[in-house]
Amino acid sequence: MCRWAAYTGAPIFVEEIVSRPGHSLIHQSHCATECLSAINADGFGLAWYGEREEPGLYRDVMPAWSDPNLRSLVAQVKSRLFLAHVRASTGTATSRNNCHPFAVGRWSFMHNGQVGGYDAFRRDAEMLIPDHLYPQRKGATDSEALFLTALGEGLATDPRGALERSVAKFEALSRQKGDAPHIRLTAALSDGARLYAVRYATDDQAPSLYHRWSDSRGGRAVVSEPLESGECWEQVPQGSFCTFEGDAVATVPFCPVPLAAAA
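Residues numbered from 1 in each chain as written. Predicted model: local features only at pLDDT ≥ 70, side-chain atom pairs only at ≥ 80, totals over all residues. Heavy atoms only, no water.

A. Region of the structure containing the overall build of the chain. The helix and strand tally for the chain stands at seven helices and 13 strands. On C-alpha atoms alone, the chain measures out to a radius of gyration of 17 Å, which is about the 18 Å that the 2.2 N^0.38 rule sets for 263 residues. Across its three principal directions, the C-alpha atoms of the chain cover 50 × 35 × 35 Å. Per-residue burial over the chain gives 53% buried out of 263 residues. Counting only contacts in the chain whose residues sit at least 6 apart along the sequence, the fraction spanning at least 24 positions is 66%. Taken as a whole, the chain presents about 11,000 Å² of accessible surface, with 48% of it coming from carbon and sulfur. (Helix = DSSP H or I, 4+ residues; strand = E, 2+ residues; numbered from the N terminus. Rg over C-alpha atoms; globule rule 2.2 N^0.38 Å. Buried < 20%, exposed > 50% of the residue type's maximum accessible area, 1.4 Å probe, protein only. Contact = heavy atoms within 4.5 Å. Areas by Shrake-Rupley, 256 points an atom, 1.4 Å probe, with all protein chains shown as cover.)

B. The arrangement of the pattern of salt bridges in detail. Summed over the entire model, instances satisfying the criterion amount to 14 salt bridges. Among the ionic pairs, Lys177 bridges to Asp124, the shortest N-O distance being 3.0 Å. Of the two residues, Lys177 is situated in helix H6 (residues 159–177) and Asp124 in helix H4 (residues 122–126); the sequence distance between them amounts to 53 residues. We classify Lys177 as partly exposed; its relative accessible area is 36%. Among the ionic pairs, Asp158 bridges to Arg165, the shortest N-O distance being 3.5 Å. Here the salt bridges share partners, and the residues they tie into one network are Glu153, Asp158, Arg165 and Lys169. (Salt bridge = Lys/Arg side-chain N within 4 Å of Asp/Glu carboxyl O.)

C. Up close: the sheet that holds strand E9 (residues 210–214). One open sheet accounts for seven strands, arranged E3-E2-E4-E1-E10-E9-E11; its pairing is antiparallel. Across the chains shown, the open sheet's two edge strands, defined by having one partner strand only, are strand E3 (56–60) and strand E11 (234–235). Across two bridges, the pairing between E9 and E11 is antiparallel. Counterpart to Tyr210 in the pairing with E11 is Gln235. (Pairing = 2+ DSSP bridges.)

D. Geometry of unusual backbone geometry. In this chain, His100 is followed by Pro101 through a cis amide linkage whose omega measures -5°. By secondary structure assignment, the location of Pro101 is in the loop between strand E4 (78–86) and strand E5 (102–104). The omega angle of the peptide bond from Ala180 to Pro181 is 0°, so this bond is cis rather than trans. Mapping Pro181 onto the fold places it in the loop between H6 and strand E7 (183–190).

E. Spatial organisation of the nonpolar core. Among the nonpolar cores identified, the biggest contains 31 residues, and Phe109, Phe147, Leu151, Leu155, Leu163, Val167 and Phe170 are the most heavily contacted of them. Mapped by element, the contributors of at least two residues to this core are E5, strand E6 (107–115), helix H5 (142–152), H6, E7 and strand E8 (195–201). Top element by residues in this core is H5. It accounts for six residues. Apart from residues lying up to four places away in sequence, Val167 is in contact with Leu146, Ile183, Leu185, Tyr200, Phe254 and Pro256. Ile17, Leu25, Ile26 and Val223 belong to the second largest nonpolar core, which has 23 residues in total. (Core = buried A, V, L, I, M, F, W, Y, C linked by side-chain atoms within 4.5 Å.)

F. Here's a closer look at the sheet that holds E8. In spatial order, the strands read E5-E6-E7-E8-E12-E13; together these six strands make up an open sheet with antiparallel pairing. In the strand order of this sheet, the two ends are held by E5 and strand E13 (248–253), each with one partner. Pairs of neighbouring strands in the sheet enclose a mean axial angle of 15°, with direction left out of account. By the bridge criterion, five bridges tie E8 to strand E12 (residues 240–245) in an arrangement that is antiparallel. Each bridged residue has a counterpart across the sheet, and for Ala197 the counterpart in E12 is Cys242. Seen against the sheet, H5 touches E5, E6 and E7 and runs at an angle of roughly 130° to E6. H6 contacts E6, E7, E8, E12 and E13 of the sheet and is inclined by roughly 150° relative to E7. (Axes fitted to C-alpha atoms, helices over the stretch in contact; angles between N-to-C directions.)

Following this line, the structure appears as structure tokens:
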């Protein structure tokens, strides 16, 4: 599984999350401690918001620890809101188009987890993406397909509901044609104004997710694993959808409705 980190608050240099902490995201790319694989070497990516509505996007297939361009970039870019991701592939190719985060318009999205048996219903999942969004389908991951489906379900006006409806559709396909565990998911997404995060699984093994407000930075980090030992991090409960805006956190249940029940 992958590791990721996001930040929202007063502008900071991206390196304060991605490379400088003792257990930074780059450190997690080769020494993760709370996932099945300690190595996340199948590419990395960064989406950051600045003066324009749409995020900047930098992705590559190299391991995050071995790319000097990434360290240089995060040491110079200052942002009030950004998403960063290191990838461990669950089956799709190591290519730039399969690296997270994904971005369409002002929205960015990244995911850690799996959709059980995705290869068995890949075509069905592709059909969930609306025609007007399908040109944005650049890669082959379940994560990008889920993001584009959520955009089609109304992400712009109802982020939680759109993601619940999309996850429910993917879960139904997994139960019909795939394998267990059907869904294991943490994801971060943003429209450039707010940061959202979700933690959910169809079993009791949702990937880890934490957040912490920093008075010194004037902002909040949302991470797969704590960035430093000895700090107080709050774990996001399984089955939760969080909205981070300023120093406020709103946490509500995340409950994808099985399609049979919805019918």
